[in-house]
Amino acid sequence: MKGIVFTEFLEMVELDFGLEVVDSIIESSNLPSEGIYTSIGTYDFNEMLSLITNLSTTVKIPVGDLIYTFGHFLFNSLAKAHPEVIENYKSPLPLIYSIEDHIHVHVKKLYPEAELPTFRIVEKTENSISLIYSSSRGLYRLAQGLLEKTFAHFNTTATVKYSLLKEDGTQVKFDIVQNGE
């Protein structure tokens, strides 16, 4: 997993829960990296699982809720770090339509070894989209947070619903309807 995900996660934890919680979850996670991450490095996904699990235990918030909140936080961080990815879009749905053909292509140029989820569009209309998220990591709640924050970025809202196609969350269908405003 790319280091930027780790550095942004720890930034969110520090902002939301304090530096002591960051130190605590790093210490209790027994990490091969010792919790030292660079944004361009690559680290074992199990380290993220350990950090999230220990954060959940420490702050008494379910893992899924923390991952979802991190999706919101990560969107803002990525939008600031890479505005060129978003600046060509005037509204959220075209941006979401282009995840595979534009955004993930851009990410792969920056981070060639990144293991990205796939988003296969199964249906789209002028104000809605249905897509299938697939990832061996099962971080669909992160995807949910990123998708929702896409609408907020464009000062609009949407109803984002998901249904697990595989119980472990490695394949999930998202149905998104942009709210009329």
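Structural data are supplied above this passage.
Residues numbered from 1 in each chain as written. Predicted model: local features only at pLDDT ≥ 70, side-chain atom pairs only at ≥ 80, totals over all residues. Heavy atoms only, no water.

Peer 1: For this particular structure, what's the right way to read empty space enclosed by the protein?
Peer 2: The gaps of empty space that remain are located by a probe, the size of a water molecule, rolled over the atoms. Taken as a whole, this structure holds 2 cavities of 30 Å³ or more when the rule is applied. Taken together, 36 residues make up the lining of the largest cavity; nearest its centre are Leu78, His104, Val107, Leu116 and Leu146. For the lining of the largest cavity, the elements supplying multiple residues, two or more each, are helix 1 (3–17), helix 4 (63–81), helix 5 (83–86), helix 6 (92–97), helix 7 (99–110) and helix 8 (140–153). The volume enclosed by the second largest cavity comes to roughly 70 Å³. Listing elements by their share of the lining of the second largest cavity, those giving two or more residues are helix 1, helix 3 (45–59) and helix 4. Along the lines of polarity and charge, the residues of the lining of the second largest cavity split into 10 nonpolar, no polar and no charged. (1 Å grid on protein atoms, 1.4 Å probe; cavity = no way out; pocket = protein on both sides within 12 Å on 5 of 7 lines; lining within 4 Å. Points joined across faces, edges and corners; volume = space filled by probe spheres on them. Helix = DSSP H or I, 4+ residues; strand = E, 2+ residues; numbered from the N terminus. Nonpolar A, V, L, I, M, F, W, Y, C, P; charged D, E, K, R; others polar.)

Peer 1: So what exactly am I meant to see when it comes to the packing of aromatic side chains here?
Peer 2: Two measures describe an aromatic ring pair: the distance that separates the ring centres and the angle between the ring planes. Across all of its chains, the model carries 8 aromatic pairs by this definition. Judged by centre distance (4.4 Å) and plane angle (25°), the ring pair of phenylalanine 6 and tyrosine 37 falls under stacked. Of the two residues, phenylalanine 6 sits in helix 1 while tyrosine 37 sits in the loop between helix 2 (19–29) and helix 3, which places them 31 residues apart along the sequence. For the pair phenylalanine 6 and tyrosine 37, a shared accessibility class is recorded, and that class is buried. Feature note: the residues Phe119, Tyr133, Tyr140, Tyr162 and Phe174 constitute an aromatic cluster, connected by ring pairs. Above the face of the tyrosine 97 ring, lysine 124 is positioned so that its terminal group lies 4.4 Å from the ring centre. (Phe/Tyr/Trp six-rings, centres within 6.5 Å; stacked < 30°, edge-to-face > 60°. Buried < 20%, exposed > 50% of the residue type's maximum accessible area, 1.4 Å probe, protein only. Lys NZ or Arg CZ within 6 Å of the ring centre and 35° of its normal.)

Peer 1: Before we go on, may I ask you to explain the sheet that holds strand 3 (residues 158–164) in this structure?
Peer 2: Either a parallel or an antiparallel arrangement is found when strands of a sheet pair, and the pairing is made through backbone hydrogen bonds. Overall, antiparallel pairing links the 4 strands, which are arranged 1-2-4-3 in an open sheet. Strand pairing shows two members of the sheet lacking a second neighbour, strand 1 (118–124) and strand 3, which therefore form its edges. Each adjacent strand pair in this sheet contributes to an overall mean axis angle of 20°, direction not counted. Relative to strand 2 (residues 128–134), strand 1 is paired through 6 bridges, and the arrangement is antiparallel. Counterpart to phenylalanine 119 in the pairing with strand 2 is tyrosine 133. (Pairing = 2+ DSSP bridges. Axes fitted to C-alpha atoms, helices over the stretch in contact; angles between N-to-C directions.)

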